[in-house]
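The primary structure of each chain is shown beneath.
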Amino acid sequence: MYNIIPLFPTLLYHNNYDINIEELIKYCYEQKELDKSSKYPQRSGQGSWQSLYLNTQLLNPLKEKVNGILREVCRRPTFHHPDWVNINPPGATNVYHTHPNSDYSCVYYLKNEADTGIMFVNPMMHLGAFNTTTFTNKKLIDDTRASPQYKVVPKRGDLLMFPAYLPHWVEKNEGTEDRLTIAWNISMQINPQQDKIGPFELYW
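Each value, and the rule that gives it
Residues numbered from 1 in each chain as written. Predicted model: local features only at pLDDT ≥ 70, side-chain atom pairs only at ≥ 80, totals over all residues. Heavy atoms only, no water. Pairing = 2+ DSSP bridges. Helix = DSSP H or I, 4+ residues; strand = E, 2+ residues; numbered from the N terminus. Contact = heavy atoms within 4.5 Å. Axes fitted to C-alpha atoms, helices over the stretch in contact; angles between N-to-C directions. Polar contact = N/O pair within 3.5 Å; in protein donor to acceptor, adjacent residues only side chain to side chain. Phe/Tyr/Trp six-rings, centres within 6.5 Å; stacked < 30°, edge-to-face > 60°. Expected span 1.5 Å × (residues − 1). Buried < 20%, exposed > 50% of the residue type's maximum accessible area, 1.4 Å probe, protein only. Arc of directions from axis to C-beta. Core = buried A, V, L, I, M, F, W, Y, C linked by side-chain atoms within 4.5 Å.

Overview of the sheet that holds strand β7 (residues 118-121)
So, point 1. Here we have five strands laid out as an open sheet, ordered β2-β5-β10-β7-β8, and antiparallel in their pairing. Lying at the two open borders of the sheet, with one neighbouring strand each, are β2 (45-46) and β8 (149-152).

Here it is as structure tokens:
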């Protein structure tokens, strides 16, 4: 017998909101139609289309829901960065990446008929500390998610919010319809004049 205390968990917020979905789907395809001649780099997409940065007003009711979560979990004010559209047609994917220069990342799922998964990678893998998660027994993985990566299969209306440092990638769309999402990042507002406590002094 042994006792396990899961230390320093990575928090993934997973909620479902049916907010302006049909209008947002129409809006996303309108943005793609307007952007036919764009040479903007597709960042993480392979075979996909990603828009320029937008300020999508239809997302405001959803962002208010997110703000409600943030007011409960954050001790600093936050602000939303511009959003962007991701359209992954059949065969498209998104490669391994993070979202630098922000604190949280949000993804809102408008279409995912093929149940294409998003794979979150254990950030400790960067430190070469992979044996303790790669060779862990299945029951412990099921109980604690102490594994090299963790798959989430989002549904229509699902909102995922996760730390922006968390590496992730998207499986290949094996279906016959587009996988369609809108994503954006969130940052905390830092005031050096008020935040005079060192990061390692906060909870001692």
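Let's talk about the sheet that holds strand β11 (residues 179-188)
So, point 1. Taken in spatial order, the six strands line up as β1-β9-β6-β11-β4-β3 in an open sheet, and their pairing is antiparallel. Pairing within the sheet leaves two strands with one partner each, and these edge strands are β1 (13-16) and β3 (49-50).
So, point 2. Taken together, the nine bridges between strand β4 (residues 78-88) and β11 define a ladder with antiparallel strand orientation. In the sheet register, D83 faces β11, and the bridge partner there is W184.
So, point 3. Taken strand by strand, helix α1 (residues 21-34) contacts β3, β4, β6 (104-111) and β11, and its axis lies near 100 degrees from that of β6.

Examining the side chain of H97
So, point 1. Relative to the helices and strands, H97 resides in strand β5 (residues 93-97).
So, point 2. One polar contact links the side chain of H97 to the main-chain carbonyl oxygen of V95, over a distance of 2.6 Å.
So, point 3. Non-local contacts of H97, meaning those with residues more than four positions away in its chain, are made with S44, L166, P167 and H168.

Thoughts on the packing of aromatic side chains
So, point 1. Evaluation of the coordinates by the stated rule reveals two aromatic pairs.
So, point 2. Centroid distance Y53 to W84: 5.8 Å. Interplanar angle 80 degrees. Geometry classified as edge-to-face. Within this pair, whereas Y53 is found in the loop between β3 and α2 (60-73), its partner W84 is found in strand β4, the two being separated by 31 residues in sequence.

Section: α1
So, point 1. Between its terminal C-alpha atoms α1 stretches 20 Å, which fits the 20 Å expected from 14 residues at 1.5 Å a residue.
So, point 2. Those residues of α1 that sit buried are I21, L24, I25, Y27, C28 and Q31. Down the axis of α1, the sector holding all buried residues measures 165 degrees, keeping them to one side. With respect to the buried face of α1, the exposed residues turned more than 90 degrees away are E22, K26 and L34.
So, point 3. Where α1 is buried, its residues meet β3, β4, β6 and β11.

Some words on the nonpolar core
So, point 1. Ranked by size, the top nonpolar core spans 28 residues in total, and within it Y108, L110, M161 and W184 carry the most contacts.
So, point 2. Going through the elements one at a time, α1, α2, β4, β6, β9 (158-163) and β11 are the ones with two or more residues in this core.
So, point 3. With five residues, α1 is the single largest residue contributor to this core.
So, point 4. By size, the runner-up hydrophobic cluster in this structure holds 11 residues, among which are Y109, I118, F120 and F162.

Without other data, these values stay purely geometric and don't point to any function.
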